[in-house]
There are 2 protein chains.
Amino acid sequence: MSELIKVVLSEEELPRQWYNLVADLPHPVPPPVDMQGQPIGPDALAPVFPMNLIEQEVSTARWIDIPEEVLGILKIWRPTPLYRARRLEEYLGTPAKIFFKHEGVSPPGSHKPNTAVPQAYFNKVFGIKRLTTETGAGQWGSALAFACNLIGIECKVFMVRISFDQKPFRKMMMQAWGANCVASPSTETKVGRSILDDDPNTPGSLGIAISEAIEQAVQDDQTRYSLGSVLNHVMLHQTIIGLETKKQMALIGMKPDVVIGCAGGGSNFAGISFPFLCDKIAGSTDVRVIATEPESCPTLTRAPYAYDSGDVAMMTPLLPMYTLGHTFVPPPIHAGGLRYHGMAPLVSQVLREGLIEAVAIHQLECYEAAIAFAHTEGFLSAPETAHAIAQTIREAKRAKEEGKERVILMNWSGHGLMDLTGYQAYFEGKLHDYSLPDEHLERFLASLKGLPKPPELGG
Amino acid sequence: MSELIKVVLSEEELPRQWYNLVADLPHPVPPPVDMQGQPIGPDALAPVFPMNLIEQEVSTARWIDIPEEVLGILKIWRPTPLYRARRLEEYLGTPAKIFFKHEGVSPPGSHKPNTAVPQAYFNKVFGIKRLTTETGAGQWGSALAFACNLIGIECKVFMVRISFDQKPFRKMMMQAWGANCVASPSTETKVGRSILDDDPNTPGSLGIAISEAIEQAVQDDQTRYSLGSVLNHVMLHQTIIGLETKKQMALIGMKPDVVIGCAGGGSNFAGISFPFLCDKIAGSTDVRVIATEPESCPTLTRAPYAYDSGDVAMMTPLLPMYTLGHTFVPPPIHAGGLRYHGMAPLVSQVLREGLIEAVAIHQLECYEAAIAFAHTEGFLSAPETAHAIAQTIREAKRAKEEGKERVILMNWSGHGLMDLTGYQAYFEGKLHDYSLPDEHLERFLASLKGLPKPPELGG
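Residues numbered from 1 in each chain as written. Chains lettered and ligands numbered in written order. Predicted model: local features only at pLDDT ≥ 70, side-chain atom pairs only at ≥ 80, totals over all residues. Heavy atoms only, no water.

1. Digging into the overall build of chain A
So, step 1. In terms of regular secondary structure, chain A is built from 19 helices and 15 strands.
So, step 2. In terms of C-alpha radius of gyration, chain A reaches 21 Å, essentially the compact-globule figure of 23 Å for 459 residues.
So, step 3. Here the C-alpha coordinates of chain A stretch approximately 60 × 50 × 50 Å along the principal axes.
So, step 4. Of all 459 residues assigned to chain A, the portion counted as buried reaches 64%.
So, step 5. Counting contacts in chain A only where the partners sit at least 6 residues apart, residues at least 24 apart contribute 77% of the total.
So, step 6. Carbon and sulfur atoms provide 51% of the accessible area of chain A, an area that totals close to 15,700 Å².
So, step 7. Here chain A holds 40 positive side-chain charges and 51 negative ones, and the gap between their average locations is 3 Å. (Helix = DSSP H or I, 4+ residues; strand = E, 2+ residues; numbered from the N terminus. Rg over C-alpha atoms; globule rule 2.2 N^0.38 Å. Buried < 20%, exposed > 50% of the residue type's maximum accessible area, 1.4 Å probe, protein only. Contact = heavy atoms within 4.5 Å. Areas by Shrake-Rupley, 256 points an atom, 1.4 Å probe, with all protein chains shown as cover. Lys, Arg positive; Asp, Glu negative; His and termini not counted. Charge placed at Lys NZ, Arg CZ, Asp CG, Glu CD.)

Take a look at the structure:
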């Protein structure tokens, strides 16, 4: 009992401000542009997002206050505990000290509500009555359903049809929180009807669902659209993870030598790492920060930095990011949250700046790591989170080889209780590793041809 | 932010001893007996349970130390937070202060591992290499799988075949924690083979699964059986819930006027309430303590106090308890954990003593309550837990009618993320209320004929 395994904070210690990395970046992020390469101003986004969130999106202020009503809901599960993974350390025989931040304690089970709640709040304050969004496996849709329910606005979720039919549990969660969840493509939008006319049996796609959600948002002045990752204000809201972690590590006199997060759109990675990057930019630490992604969706490790659209139908402005091309079709790996073709512009920028590293990992190694974690630390991880665990284990083994007492910090972004079919497929030997062949990558990247190019770093 | 919604304790504040209500009962509980009414001694239980747990089962010591290794694993999710349900209070417009103890934060998602971990530990210390158990929907099986995995012994779970086939997610959880989970009836036991010979398509039953688990346990000296409720040592291990809660309420200067828990076998109810009953017996509080059960399985509210077997095949000794008869077949309500025919002897005794009240509630009211809870407090409850929420809402409304600022404490025994089909059935209008007709009750109670009778209170 003398050895603590978790550091808990009281509600009074909840951070009152989000940290905006934009204020401290060595070079500015190129602006979003239109197809002609002209910067998109805030007004152009107004039909899609409320102006108070657009202001956050373009803000250069270092600290932004968290409203009291948002804090009141975040308190339901925050501050989240910081764990020392002593049993995993022992199992690995490593001299490293492994810490993980447990974001799975939120009602929807992941870090996603950290941004869903403020997004619902700022929309409500702006007079918006309803949010639309898309969801694949349902992680984001259930977080937004939860947030809208507690904030008190309506929520409409377009869920990719194949997930709607084959993975009904997240849909039931959304319904339990009062959201209206429909299979996409639906007959409720022009784009949906057009696609159903062409192919009534289409399984749908995230790109189609985004198009439907945006179409419904822009046609009604009391409706707006909500995105669960990629954008600056989403990264901002997630920094509460790293800000809490800094307090918790300070309480036990620790500082991380390595910070690890998995990266799909980039939000949980940004959440854990940006407050530490702040110190790295200031020169007060040389912490290594590592983003991990699937080998089958190697955005940070193999894709070019380019202007690209956030969706297949190119309804969004062009964003500067590492991207596999908006026509990218990922292979069916189980970590649905890591299958996005692009990467948050802010995460892309810190990789460009050399402030972080990126690593791609095969899914079998990730499942193996998640099983080792479950058998030692007890918690069943989401398949996305497993990518962070796998890298943590690699670093812990390296510390053992080098005989170093390194402090490794990982963001444990969510639990896997809704993703158990992936574990079953793993145990049954039905999962395989998949590397994206160069010729396929080239084909996807062809969709970037003719688009404007972002300037060189600092250019 | 000035109003706290949860009280968290650090690991140093984890209770170091369990509380044994037996030490303080006004009258002793009648002993377990055989079919002739002769008391069963500890030795008779030795083929089924290890002697160190049998010693706890018959102990009259008030406090029993929690071993360090057990504390080390409980620390993974304990102490659990105590919440003030301010949003639910506001929604109900009640002057009552509602608190709930959040037992859903454990890796398997309920209070069950509070006893699974010490049971696995005491078996290991006794030299046992493998535990067998039965499970219906899988809540208990997954808790024991988790516990055995972390303690380091094998776990074999006989899961009722219809659940094994229709509700595969808990089975996958057990497999992820390394347990061997088989459909019951299986071909691995005499009783299983015999039943399959008669009916190869049988859906199985909890009674059959218990018989298989006990058969495998008694035939091998390194194997024992584990039960997730009913027995004294299970109630003992669960008292950590109430002991933590007392500390948490003391920190904010509160004492409950009403304590509420749902009751199937009785363990989560005992866990939250026994430490408060200690004070009630001593005369230092007149707290009302309420056990809630389904109208369709009205053990405490309509059944007689009798000697009865714990299982259909009558393989267990006869226990003194409120019982619907061991042949009881519950209707298919969704709260699988509340469908047991009997009730823990200790919980039965405190009802006999007039120390607690019992209330039966229909399932539609429970789902309605769980939805109100999810829409205000955010968390999705297990259907069992919904029975405690429904009574809490009744009490909060009563406090409003009477204009009383009562303090109501509820045990929130587990989350409902693995039970979402029940919510869906509720939303689709497919759930109905069911009251056990008198003539059906009489028929089940006929199975008690010819069994020994327990003595009158204090007799």
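The rest of the description comes next.
2. Overview of the packing of helix α9 (residues 190–198) of chain A against helix α10 (residues 206–218) of chain A
All names here are of chain A.
So, step 1. Where α9 contacts α10, the axes come no closer than 8 Å and their chain directions differ by 140°. Of α10, the residues touching α9 (which contributes K190, V191, G192 and I195) are I208, S211, E212 and E215.
So, step 2. Across the contact of α9 with α10, the residue classes tally to three nonpolar, two polar and three charged. (Axes fitted to C-alpha atoms, helices over the stretch in contact; angles between N-to-C directions. Nonpolar A, V, L, I, M, F, W, Y, C, P; charged D, E, K, R; others polar.)

3. Structural notes on the sheet that holds strand β9 (residues 223–225) of chain A
All names here are of chain A.
So, step 1. Here we have four strands laid out as an open sheet, ordered β8-β7-β6-β9, and parallel in their pairing. Only two strands of the sheet have a single neighbouring strand rather than two, namely β8 (180–184) and β9. Each neighbouring strand pair of the sheet contributes to a mean axis angle of 25°, computed without reference to strand direction.
So, step 2. Pairing analysis gives three bridges linking strand β6 (residues 130–135) to β9, with the strands arranged parallel. Bridging from a neighbouring strand, T132 pairs with Y225 of β9.
So, step 3. Running at roughly 165° to β6, helix α6 (residues 139–151) makes contact with β6 and β7 (154–160) of the sheet. (Pairing = 2+ DSSP bridges.)

4. With respect to the state of the cysteines
Residue and element names in this part refer to chain B.
So, step 1. According to the stated counting rule, one finds zero disulfides over all chains in the structure shown.
So, step 2. Free cysteine C148: the closest other cysteine sulfur is in C155, separated by 4.2 Å.
So, step 3. What makes C148 buried here is its relative accessible area of 1%.
So, step 4. Counting only cysteine sulfurs, C155 is the nearest neighbor of C181, a cysteine outside any disulfide, at a range of 8.8 Å.
So, step 5. On the basis of relative accessible area, C181 is assigned to the buried category, the value being 7%. (Disulfide = S-S within 2.5 Å.)

5. Comments concerning the nonpolar core
So, step 1. Counting residues in each nonpolar core, the largest one holds 166 residues, and the members touching the most others are V117(A) and V117(B).
So, step 2. With residues up to four places along the chain from it excluded, the contact list for V117(B) reads V70(B), I73(B), L74(B), W77(B), F146(B), A147(B) and I151(B). (Core = buried A, V, L, I, M, F, W, Y, C linked by side-chain atoms within 4.5 Å.)

6. Observations regarding the relation of the copies chain A and chain B
Taken together, a rotation about one axis and a shift along it account for how the two chain copies relate.
So, step 1. The transform that puts chain A on chain B rotates by 180° and translates by 0.0 Å along the axis, for an RMSD of 0.0 Å. These values place the two chain copies in the arrangement generated by a two-fold rotation axis.
So, step 2. A symmetric contact is evident, with 100% of the interface residues of chain A recurring at the interface of chain B. (Least-squares fit on C-alpha atoms with pLDDT ≥ 70 in both.)

7. Quick notes on the sheet that holds strand β5 (residues 97–102) of chain B
Two orientations exist for strands paired in a sheet by backbone hydrogen bonds: parallel and antiparallel.
Residue and element names in this part refer to chain B.
So, step 1. Overall, mixed pairing links the seven strands, which are arranged β1-β4-β5-β15-β10-β11-β14 in an open sheet. Each edge of the sheet is formed by a strand with only one pairing partner; in this case those strands are β1 (6–7) and β14 (357–361).
So, step 2. Bridge analysis of strand β11 (residues 288–294) against β14 gives five bridges, and the strand direction is parallel. Bridge assignment links T292 to a residue of β14, and that residue is V359.
So, step 3. Contacting β5, β10 (258–262), β11 and β15 (407–412), helix α13 (residues 267–282) runs over the sheet at an angle of about 155° to β10.

8. Description of the interface of chain A and chain B
So, step 1. Each side of the interface is counted separately: chain A has 51 residues, and chain B has 51 residues.
So, step 2. Residue E11(B) is joined to K6(A) by a salt bridge in which the shortest nitrogen-to-oxygen separation is 3.4 Å.
So, step 3. Ranked by residue count, the leading element in the side of chain A that touches chain B is helix α8 (residues 168–176) of chain A, at six residues.
So, step 4. Here the residues of the side of chain A that touches chain B sort into 29 nonpolar, eleven polar and eleven charged. (Salt bridge = Lys/Arg side-chain N within 4 Å of Asp/Glu carboxyl O.)

9. With respect to the packing of α8(A) against helix α18 (residues 420–427) of chain B
So, step 1. The N-to-C vectors of α8(A) and α18(B) enclose an angle of 55°; their axes lie 9 Å apart at closest approach. Relative to α18(B), the element α8(A) is oriented oblique. At the point where α8(A) passes α18(B), the crossing takes the left-handed sense. Side by side, α8(A) and α18(B) meet where F169(A), K171(A), M172(A), M173(A), Q175(A) and A176(A) of the first sit next to L420(B), T421(B), Y423(B), Q424(B) and F427(B) of the second.
So, step 2. Taken together, the residues of the contact of α8(A) with α18(B) break down into seven nonpolar, three polar and one charged. (Parallel < 35°, antiparallel > 145°, perpendicular 65-115°, else oblique. Left-handed = near helix turned anticlockwise from the far one by under 90°.)

10. Points about the domain arrangement of chain A
All names here are of chain A.
So, step 1. When the domains of chain A are assigned, the result is domain 1 (6–13 + 65–109 + 233–448) and domain 2 (111–230).
So, step 2. A separation of 24 Å is found between the C-alpha centroids of domain 1 and domain 2.
So, step 3. Contacts between the two partners involve 35 residues from domain 1 and, on the opposite side, 30 residues from domain 2.
So, step 4. For the pair domain 1 and domain 2, the two sides together bury roughly 2,800 Å², of which 68% comes from carbon and sulfur.
So, step 5. Among the residues of domain 1 in contact with domain 2, P108, H237 and M418 are the three that bury the most area, contributing 21% of the side total. (Domains from an automatic or database assignment. Buried area = accessible area lost by both parts, 1.4 Å probe.)

11. A few points about the environment of V407(B)
So, step 1. Within the secondary structure layout, V407(B) lies in strand β15.
So, step 2. Sequence separation between V407(B) and E395(B) is twelve residues, and the spatial gap between their C-alpha atoms is 9.9 Å.

12. Digging into unusual backbone geometry
So, step 1. Of note, the bond from R78(A) into P79(A) is cis; its omega dihedral lies within 30 degrees of zero at -10°.
So, step 2. In this fold, P79(A) is placed in the loop between α3 (68–74) and β4 (82–84).
So, step 3. Within the chain, V230(B) stands out as a residue other than glycine whose phi angle is a positive 70°.
So, step 4. Here V230(B) lies in the loop between β9 (223–225) and α11 (232–238).

13. With respect to the confidence of the model for chain A
So, step 1. Scored by pLDDT, chain A has a mean of 95; 99% of the residues are at 70 or more.
So, step 2. At the level of chain-chain contacts, confidence expressed as ipTM amounts to 0.96, with global pTM at 0.97. (pLDDT = per-residue confidence, 0-100.)

14. What to know about the pairing of strand β8 (residues 180–184) of chain B
Residues and elements named next belong to chain B.
So, step 1. Of all five residues in β8, four are buried; the element is thus mostly enclosed.
So, step 2. As paired elements, strand β7 (residues 154–160) and β8 share five bridges and run parallel to each other. Of the residues in β8, the one forming a bridge with V160 is S184.

15. Let's talk about the pattern of salt bridges
Residues and elements named next belong to chain B.
So, step 1. Enumeration over the complete set of coordinates arrives at 42 salt bridges over all chains.
So, step 2. Of the charged contacts, one joins R78 and E244 as a salt bridge, the two residues approaching to 2.8 Å between their closest N and O atoms. With R78 in the loop between α3 (68–74) and β4 (82–84) and E244 in helix α12 (residues 240–251), the pair connects residues that are 166 residues apart, well separated along the chain. Here R78 and E244 have matching classes, each one buried.
So, step 3. Linking R288 and E395 is a salt bridge whose minimum nitrogen-to-oxygen distance equals 3.0 Å. Of the two residues, R288 sits in strand β11 while E395 sits in helix α17 (residues 383–402), which places them 107 residues apart along the sequence.

16. Description of the packing of aromatic side chains
All names here are of chain A.
So, step 1. Taken as a whole, this structure holds 35 aromatic pairs over all chains when the rule is applied.
So, step 2. Ring centres 5.4 Å apart and planes at 70° place the aromatic pair F146 and W177 in the edge-to-face group. Of this pair, F146 sits in helix α6 while W177 sits in the loop between α8 and β8, placing them 31 residues apart in sequence.
So, step 3. Aromatic side chains Y367 and Y423 sit 5.5 Å apart centroid to centroid with 90° between the ring planes, which places their arrangement in the edge-to-face category. Of this pair, Y367 sits in helix α16 (residues 363–377) while Y423 sits in helix α18 (residues 420–427); the two residues are 56 residues apart in sequence, bridging distant segments of the chain. Here the two residues Y367 and Y423 agree in accessibility, since each one is buried.
So, step 4. Here the aromatic cluster, defined as three or more aromatic residues joined through ring pairs, consists of Y83, F100, F373, F379 and W412.
So, step 5. When the ring centre of F276 is taken as origin, the NZ or CZ atom of K246, which lies over that ring, is 5.9 Å away. (Phe/Tyr/Trp six-rings, centres within 6.5 Å; stacked < 30°, edge-to-face > 60°. Lys NZ or Arg CZ within 6 Å of the ring centre and 35° of its normal.)

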